[in-house]
Amino acid sequence: IYTLSLHDALPIYQPDYTVRHYDAAVSLEDLSGVDLFVVYWGTPLIAHTMLSFRFGEARYICFSIEARKTRDKQYSAVRSFFRQYELAVVMGDERDLVRLRTNFRHEEVYLYRLAFNASVARNVFLEYVRIMNELCRWPQWYNALFNNCTTAIRALARPYTRDAALDWRMVVNGKVDELAYERAMLDTRFPFARLKALSRINDRAWSCPREDFSRCIRESLPDHDHPAPAGSRPGTPA
């Protein structure tokens with residue numbers, strides 16, 4: 001059993017928000033799924049990636065690896081290649097980490113259900129917890145090329161799966177979902193372009209109640225374990 005302190009800010013409108021944390025106990029025996037979020041805020045070649053771990057049927061713990069900015073600094077893509085920002089790992093509810101990006105920043109967000117391997121998922125989850133604790137004692141630098149939101153996930157997963165083999169799309173990470181599809185980590189029952197269209201959650205996120213956010217954004221989402229939505233199978237017109 002792991003007791004986690006989760007971040008659950010309640011944004012009103014940027015940059016106003018109320019900071020709130022709470023403790024939650026989860027059991028690794030209840031880990032039942034892992035999902036990938038791909039977030040676009042500008043060019044389609046670059047994205048922000050997050051992993052979310054499902055416990056049981058209803059609880060999701062989301063991790064976001066980010067550049068840690070101080071109040072007097074704005075994020076700069078150029079500065080991010082140099083030692084200007086510390087590495088930060090944010091752990092929280094999807095209604096905070098995801099809803100912030102869909103409903104308040106108005107970024108394009110895609111949610112993919114990953115093929116689930118319980119052993120790999122447990123180890124990667126524990127790696128997130130480990131690195132969070134280590135960063136408290138030994139800070140690391142964020143680097144847009146070598147230590148960013150996607151390459152850091154690869155480093156956590158690499159000891160446990162061959163799916164973490166290096167690929168250029170882990171750097172040009174706006175195409176990391178395409179890479180995951182090629183490695184059969186996503187639902188391959190229909191073409192990737194159709195899968196991506198079905199996986200965009202912005203419209204649903206706007207209408208989802210805050211307390212039921214995680215369940216709501218997954219309605220009709222393609223999933224390895226459930227039938228594809230009508231009109232989504234290969235060869236079927238969209």
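Residues numbered from 1 in each chain as written. Predicted model: local features only at pLDDT ≥ 70, side-chain atom pairs only at ≥ 80, totals over all residues. Heavy atoms only, no water.

### Describing unusual backbone geometry
Most peptide bonds take the trans configuration, and most residues that are not glycine carry a negative phi.
Okay, step 1: A positive phi angle, close to 60 degrees, is found at His106, a residue other than glycine.
Okay, step 2: Tracing the chain through its elements places His106 in the loop between helix H2 (99-104) and strand E9 (108-113). (Helix = DSSP H or I, 4+ residues; strand = E, 2+ residues; numbered from the N terminus.)

### Remarks on helix H6 (residues 192-199)
Okay, step 1: Listed in full, the buried residues belonging to H6 are Phe192, Leu195, Lys196, Leu198 and Ser199. End-on view of H6: buried residues confined to an arc of 165 degrees, all on one side of the axis. (Buried < 20%, exposed > 50% of the residue type's maximum accessible area, 1.4 Å probe, protein only. Arc of directions from axis to C-beta.)

### Comments concerning the state of the cysteines
Okay, step 1: In total, this model carries one disulfide according to the counting rule given.
Okay, step 2: Put simply, Cys208 and Cys216 are joined by a disulfide, and their sulfur atoms are 2.1 Å apart. Handedness here is read from the sign of the S-S torsion; for Cys208 and Cys216, about -85 degrees, the answer is left-handed.
Okay, step 3: Here Cys208 falls in the buried class, since its relative accessible area comes to 8%. (Disulfide = S-S within 2.5 Å.)

### A closer look at the nonpolar core
Okay, step 1: Core analysis: the biggest nonpolar cluster contains 45 residues, and Leu51, Phe53, Phe63, Phe125 and Tyr128 have the highest contact counts within it.
Okay, step 2: Of the residues forming this core, the biggest block, nine residues, is contributed by helix H3 (residues 118-137).
Okay, step 3: Not counting residues within four places of it along the chain, the set of residues in contact with Phe63 comprises Met50, Leu51, Phe53, Val89, Val90, Met91, Leu97, Phe125, Tyr128 and Met132.
Okay, step 4: Ranked by size, the runner-up nonpolar core spans 15 residues in total, among them Cys62, Val98, Leu111 and Leu221. (Core = buried A, V, L, I, M, F, W, Y, C linked by side-chain atoms within 4.5 Å. Contact = heavy atoms within 4.5 Å.)

### Topic: the pattern of salt bridges
Side chains that carry opposite charge are capable of pairing whenever their charged atoms lie near each other.
Okay, step 1: Going through the model one piece at a time under the given rule, you end up with 18 salt bridges.
Okay, step 2: With a closest N to O distance of 2.7 Å, Glu219 and Arg215 form a salt bridge.
Okay, step 3: Bridged by salt links that share partners, the residues Asp35, Glu94, Arg113 and Arg218 form one connected network. (Salt bridge = Lys/Arg side-chain N within 4 Å of Asp/Glu carboxyl O.)

### So, the environment of Asn143
Okay, step 1: Relative to the helices and strands, Asn143 resides in the loop between H3 and helix H4 (151-157).
Okay, step 2: Owing to a relative accessible area of 15%, Asn143 belongs among the buried residues under this scheme.

### Comments concerning the confidence of the model for the protein
Okay, step 1: In this model, the protein carries an average pLDDT of 84, and 79% of its residues clear a pLDDT of 70 or more.
Okay, step 2: Least confident of the elements in the protein is strand E2 (residues 10-13), whose mean pLDDT is 48; most confident is E9, at 97.
Okay, step 3: Note on residues 227-238: pLDDT is under 50 here. Beyond four places in sequence and across chains, it has 20 contacts. (pLDDT = per-residue confidence, 0-100.)

### A look at H3
Okay, step 1: Given a rise of 1.5 Å per residue, 20 residues ought to cover 28 Å, and the 30 Å separating the end C-alpha atoms of H3 matches this to within 8%.
Okay, step 2: Restricting attention to buried positions, one finds in H3 the residues Val120, Ala121, Val124, Phe125, Glu127, Tyr128, Val129, Ile131, Met132 and Leu135.
Okay, step 3: Backbone nitrogen of Ser119 and a side-chain oxygen of the N-cap are separated by 3.1 Å at the start of H3; the cap is Asn117. (Expected span 1.5 Å × (residues − 1). Polar contact = N/O pair within 3.5 Å; in protein donor to acceptor, adjacent residues only side chain to side chain.)

### Focus: a nonpolar patch on the surface
Okay, step 1: Together, Trp41, Leu45 and Ile46 make up a nonpolar patch on the protein surface, roughly 290 Å² of accessible area in all.
Okay, step 2: Structurally, Trp41 can be placed in the loop between strand E5 (31-40) and strand E6 (48-55). (Patch = residues over 30% accessible without salt bridge, like charges linked within 9 Å, V, L, I, M, F, W, Y side chains within 5 Å. Areas by Shrake-Rupley, 256 points an atom, 1.4 Å probe, with all protein chains shown as cover.)

### Digging into the packing of aromatic side chains
Okay, step 1: Going through the model one piece at a time under the given rule, you end up with eight aromatic pairs.
Okay, step 2: Between Phe55 and Phe125, the ring centres sit 5.3 Å apart and the planes meet at 75 degrees, which makes this aromatic pair edge-to-face. Of this pair, Phe55 sits in strand E6 while Phe125 sits in helix H3, placing them 70 residues apart in sequence. Phe125 shares its class with Phe55; the two are buried.
Okay, step 3: Considering the side-chain rings of Phe63 and Tyr128, the 4.2 Å spacing of their centres and the 20 degrees angle between planes classify their relative orientation as stacked. Residue Phe63 is located in strand E7 (residues 59-68), and its partner Tyr128 is located in helix H3; the two are separated by 65 residues in the primary sequence. As far as burial versus exposure is concerned, Phe63 and Tyr128 are alike and both buried.
Okay, step 4: Here the aromatic residues Phe53, Phe55, Phe63, Phe125 and Tyr128 are joined through ring pairs into a cluster of three or more.
Okay, step 5: For the cation-ring pair, Lys196 lies above Tyr110, with the distance from its terminal atom to the ring centre recorded as 5.2 Å.
Okay, step 6: Cation over ring: Arg218 sits above Tyr60, and NZ or CZ is 3.7 Å from the ring centre. (Phe/Tyr/Trp six-rings, centres within 6.5 Å; stacked < 30°, edge-to-face > 60°. Lys NZ or Arg CZ within 6 Å of the ring centre and 35° of its normal.)

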